[in-house]
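# Report on the structure
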Amino acid sequence: MRHLFRLIAATTLIATAACAHGPEAPPSPPNYAPLAGQPTGPHARLYADCIRLAAAAGHYRQVIDGGDELLLFTCSGSIAQAFWDALGPHSERMGSAFEHDGRRYRSTAKVERNMVGVDYCTVDAAGGDARCVMTFNAGDFLIASD
């Protein structure tokens with residue numbers, strides 16, 4: 001009886017493996033419908049205010065990293081401090097707080113490999129001089145030569 005169960009298990013495994021390696025389905029065509037929006041929460045205002053202030057002050061730069069074309073907007077002052085404060089509980093939950101070069105950081109997502117694509121706020125060791133960096137994924141047009 002034990003051999004029968006092993007035979008059934010082996011047969012099932014082989015059949016499943018054979019199905020998993022069959023021909024791949026053709027990719028679906030792109031969906032060009034605009035994304036549906038929804039009302040924003042209070043955190044969206046922090047992003048918008050930071051980006052608005054950074055753009056008005058000319059505090060933005062581009063980063064090109066392995067196929068990612070990004071604009072980084074850096075804000076400071078009361079908006080950055082408000083963002084830093086609001087980010088505290090989220091960063092604590094995610095384990096995305098760290099220290100680097102004498103500054104304390106809180107990021108909106110855990111840093112996996114490097115800071116590419118990560119939004120974050122930072123303060124000095126005393127908790128002042130708040131600055132936030134928001135990442136905008138611009139795409140190929142940012143570096144297009146046409």
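This text goes with the structure placed above it.
As a starting point, this report considers the structure included with it. In this text, all values refer to a predicted model and were calculated from it rather than measured experimentally.

## Some points on the environment of glycine 58
Assignment of secondary structure puts glycine 58 in the loop between α2 (42-57) and β1 (60-65). Owing to a relative accessible area of 43%, glycine 58 belongs among the partly exposed residues under this scheme. Distance in space between the C-alpha atoms of glycine 58 and phenylalanine 73 is 8.7 Å, their sequence separation being 15 residues.

## Some remarks on the pairing of strand β2 (residues 68-76)
The element β2 is largely enclosed, with a buried count of seven among its nine residues. Pairing of β1 with β2, which is carried by six bridges, proceeds in the antiparallel orientation. Bridged to aspartate 65 within β2 is aspartate 68. Both β2 and strand β6 (residues 131-137) contribute to a ladder of seven bridges, which runs antiparallel. Among the inter-strand pairings, threonine 74 is bridged to a residue of β6, identified as valine 133.

## Comments concerning the pattern of salt bridges
Enumeration over the complete set of coordinates arrives at four salt bridges. Note that aspartate 49 is salt-bridged to arginine 45, the shortest N-O span being 3.1 Å. Note that aspartate 49 and arginine 45 are positioned in helix α2 at a spacing of four residues, about one turn of the helix. Between arginine 52 and aspartate 49 there is a salt bridge, with its nearest N and O atoms 3.4 Å apart. Highlighted residues: arginine 52 and aspartate 49, both in helix α2, separated by three residues, approximately one helical turn. What makes arginine 52 partly exposed here is its relative accessible area of 48%. What you see here is one network of salt bridges that share partners, running through Arg45, Asp49 and Arg52.

## With respect to the nonpolar core
The biggest cluster of nonpolar side chains holds 13 residues, and the ones touching the most others in it are Cys50, Cys75, Ala80, Phe83, Cys121, Cys132 and Met134. Elements with a contribution of two residues or more to this core: α2, α3 (78-94), β5 (120-124) and β6. Sorting elements by how many residues they give to this core places α3 first, with five residues. Look past the residues within four positions of phenylalanine 83 in its chain and what remains in contact with it is Leu46, Tyr47, Thr108, Cys121, Cys132 and Met134.

## Notes on α2
Since one α-helical turn is 3.6 residues long, residues separated by three or four positions face the same way. For α2, built from 16 residues, the straight-helix expectation of 22 Å at 1.5 Å per residue is met to within 8% by its first-to-last C-alpha distance of 23 Å. Within α2, burial applies to Leu46, Asp49, Cys50 and Ala54. Buried residues of α2, viewed axially, fall in a sector of 125°; they line one side. Opposite the buried face of α2, by more than 90 degrees, sit the exposed residues Arg45 and Ala56. Where α2 terminates, the next one or two residues include glycine 58, which has phi positive at roughly 75°.

Here is what the cut-offs are and how they apply
Residues numbered from 1 in each chain as written. Predicted model: local features only at pLDDT ≥ 70, side-chain atom pairs only at ≥ 80, totals over all residues. Heavy atoms only, no water. Helix = DSSP H or I, 4+ residues; strand = E, 2+ residues; numbered from the N terminus. Buried < 20%, exposed > 50% of the residue type's maximum accessible area, 1.4 Å probe, protein only. Pairing = 2+ DSSP bridges. Salt bridge = Lys/Arg side-chain N within 4 Å of Asp/Glu carboxyl O. Core = buried A, V, L, I, M, F, W, Y, C linked by side-chain atoms within 4.5 Å. Contact = heavy atoms within 4.5 Å. Expected span 1.5 Å × (residues − 1). Arc of directions from axis to C-beta.

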